[in-house]
Amino acid sequence: MPTTPDVEDDTPPPREKSSWRRRVVIGALLALVLGEAVVGALGVTGRAAYAFDRVAGQPAAILDEIPGPETGPACPVDKRYVDEQPESLRPDVLAAWNRLRARAGEQGIQLCLNDGKRSVGQQEREFSDAVRRFGTRELAAKYVLPPEKSMHVKGIAVDIQPLRAAGWVERNGPALGWCRRYQNEEWHFEYDPSYASAGCPPMLPSATGS
């Protein structure tokens, strides 16, 4: 009568199963902790930007992917422009925007947020439209940067209208951390708390630097 051939059994012996399971669980926990550390390091080093407000049990949203409003109500002082809600700006930038707007209001100046936060997708559409208008990517980039270079995507830039209001911000905004960055864009301002103490960096001719 033929005998059944021996089959190799990888299952741990009964007395070793509990310690084997503990090793598997500990290994999985270590992998999870290591993964969290890597993700945190990416956020700190700038290779991945994350929203500040995290919800327990949910992954942090990537700030670059968070969209801003597509439009807003008409600017009360110049209906050629809109006044968006400052949704999705980085939280510290939102607080700084509210301080800036309140200070302007104290002096009788209405700031309209014509454009604020944009997601990567929104910025890509803006850039593609600019390429169609200007004919080349190089010319378009003087006014609208591609997503990977835009401070609107990072949530730290605002376009302020009308120009009278933008002029007020250019004169008074640096003390609150807001600086105009480009000579060819009177309306574009970026926030950095260091500007309040160190002053504004030199203005660039355009977003391309030339």
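Thresholds applied
- Residues numbered from 1 in each chain as written.
- Predicted model: local features only at pLDDT ≥ 70, side-chain atom pairs only at ≥ 80, totals over all residues.
- Heavy atoms only, no water.
- Salt bridge = Lys/Arg side-chain N within 4 Å of Asp/Glu carboxyl O.
- Buried < 20%, exposed > 50% of the residue type's maximum accessible area, 1.4 Å probe, protein only.
- Helix = DSSP H or I, 4+ residues; strand = E, 2+ residues; numbered from the N terminus.
- Pairing = 2+ DSSP bridges.
- Patch = residues over 30% accessible without salt bridge, like charges linked within 9 Å, V, L, I, M, F, W, Y side chains within 5 Å.
- Areas by Shrake-Rupley, 256 points an atom, 1.4 Å probe, with all protein chains shown as cover.
- Phe/Tyr/Trp six-rings, centres within 6.5 Å; stacked < 30°, edge-to-face > 60°.
- Disulfide = S-S within 2.5 Å.
- pLDDT = per-residue confidence, 0-100.
- Contact = heavy atoms within 4.5 Å.
- Axes fitted to C-alpha atoms, helices over the stretch in contact; angles between N-to-C directions.

1. Considerations on the pattern of salt bridges
If charged atoms from side chains of opposite charge come close, those side chains can pair.
Right, so step 1: One pass over the structure, following the stated rule, counts 10 salt bridges.
Right, so step 2: Between R90 and D92 there is a salt bridge, and its shortest N-O distance comes to 2.8 Å.
Right, so step 3: Its relative accessible area of 22% is what places R90 among the partly exposed residues.
Right, so step 4: What makes D92 partly exposed here is its relative accessible area of 30%.
Right, so step 5: One salt bridge in this structure joins R181 and E190, with 3.8 Å as the shortest N-O distance.

2. Overview of the pairing of strand 2 (residues 157-161)
Right, so step 1: Taking burial as the measure, the 5 residues of strand 2 include 5 buried ones, the bulk of the element.
Right, so step 2: Neither face of strand 2 is left uncovered, since the one carrying A157, D159 and Q161 and the one carrying V158 and I160 both have all their residues buried.
Right, so step 3: In terms of strand pairing, strand 1 (residues 112-115) meets strand 2 through 3 bridges, oriented antiparallel. Opposite D115, over in strand 2, you have D159 as the bridge partner.
Right, so step 4: In this sheet, strand 4 (residues 188-191) lies alongside strand 2 in antiparallel orientation, the contact comprising 3 bridges. Looking at strand 4, one finds that D159 is bridged to H188.

3. What to know about a nonpolar patch on the surface
Right, so step 1: Residues F134, L139 and Y143 make up a contiguous nonpolar surface patch of about 260 Å² in total accessible area.
Right, so step 2: One can find L139 in helix 4 (residues 137-140).

4. What about the packing of aromatic side chains?
Right, so step 1: Under the defined criterion, the tally for this structure stands at 3 aromatic pairs.
Right, so step 2: On the basis of an interplanar angle of 80 degrees and a centroid distance of 6.4 Å, the ring pair of W97 and W178 is categorised as edge-to-face. Of this pair, W97 sits in helix 2 (residues 91-106) while W178 sits in strand 3 (residues 178-180), and the two are 81 residues apart along the sequence. With respect to burial, W97 and W178 carry one shared label: buried.
Right, so step 3: Judged by centre distance (5.3 Å) and plane angle (45 degrees), the ring pair of W178 and Y191 falls under tilted. You can see W178 sitting in strand 3 and its partner Y191 sitting in strand 4, a full 13 residues away along the chain.
Right, so step 4: For W178, a relative accessible area of 0% corresponds to the buried category.

5. Some details on the state of the cysteines
Right, so step 1: Scanning the model with the defined rule gives 2 disulfides in all.
Right, so step 2: Bridging C179 to C200, the disulfide has an S-S length of 1.9 Å. Since a negative S-S torsion denotes a left-handed disulfide, the C179-C200 link at about -85 degrees is left-handed. A residue pair is termed long-range when its members are at least 10 positions apart, and C179 in strand 3 and C200 in the segment after helix 7 (195-198) qualify at 21 residues.

6. Description of the confidence of the model for the protein chain
Right, so step 1: Looking at the protein chain as a whole, the pLDDT averages 81, with 71% of positions reaching at least 70.
Right, so step 2: Counted against residues more than four places away or in other chains, residues 1-60, with its pLDDT under 50, gives 23 contacts.

7. Concerning unusual backbone geometry
Right, so step 1: Geometrically, the link from Q161 to P162 is a cis peptide bond, its omega value of -10 degrees lying close to zero.
Right, so step 2: In this structure, P162 sits in the loop between strand 2 and helix 6 (163-172).
Right, so step 3: You will see that S88, though not glycine, has its phi angle at about 75 degrees, which is positive.

8. A short note on the sheet that holds strand 3
Right, so step 1: In spatial order, the strands read 1-2-4-3; together these 4 strands make up an open sheet with antiparallel pairing. A single partner strand is all that each edge strand has here, and the edge strands are strand 1 and strand 3. Across the sheet, the axes of successive neighbouring strands diverge by a mean angle of 45 degrees, strand direction being ignored.
Right, so step 2: With 3 bridges connecting them, strand 3 and strand 4 associate as antiparallel partners. The residue of strand 4 that forms the bridge with C179 is E190.

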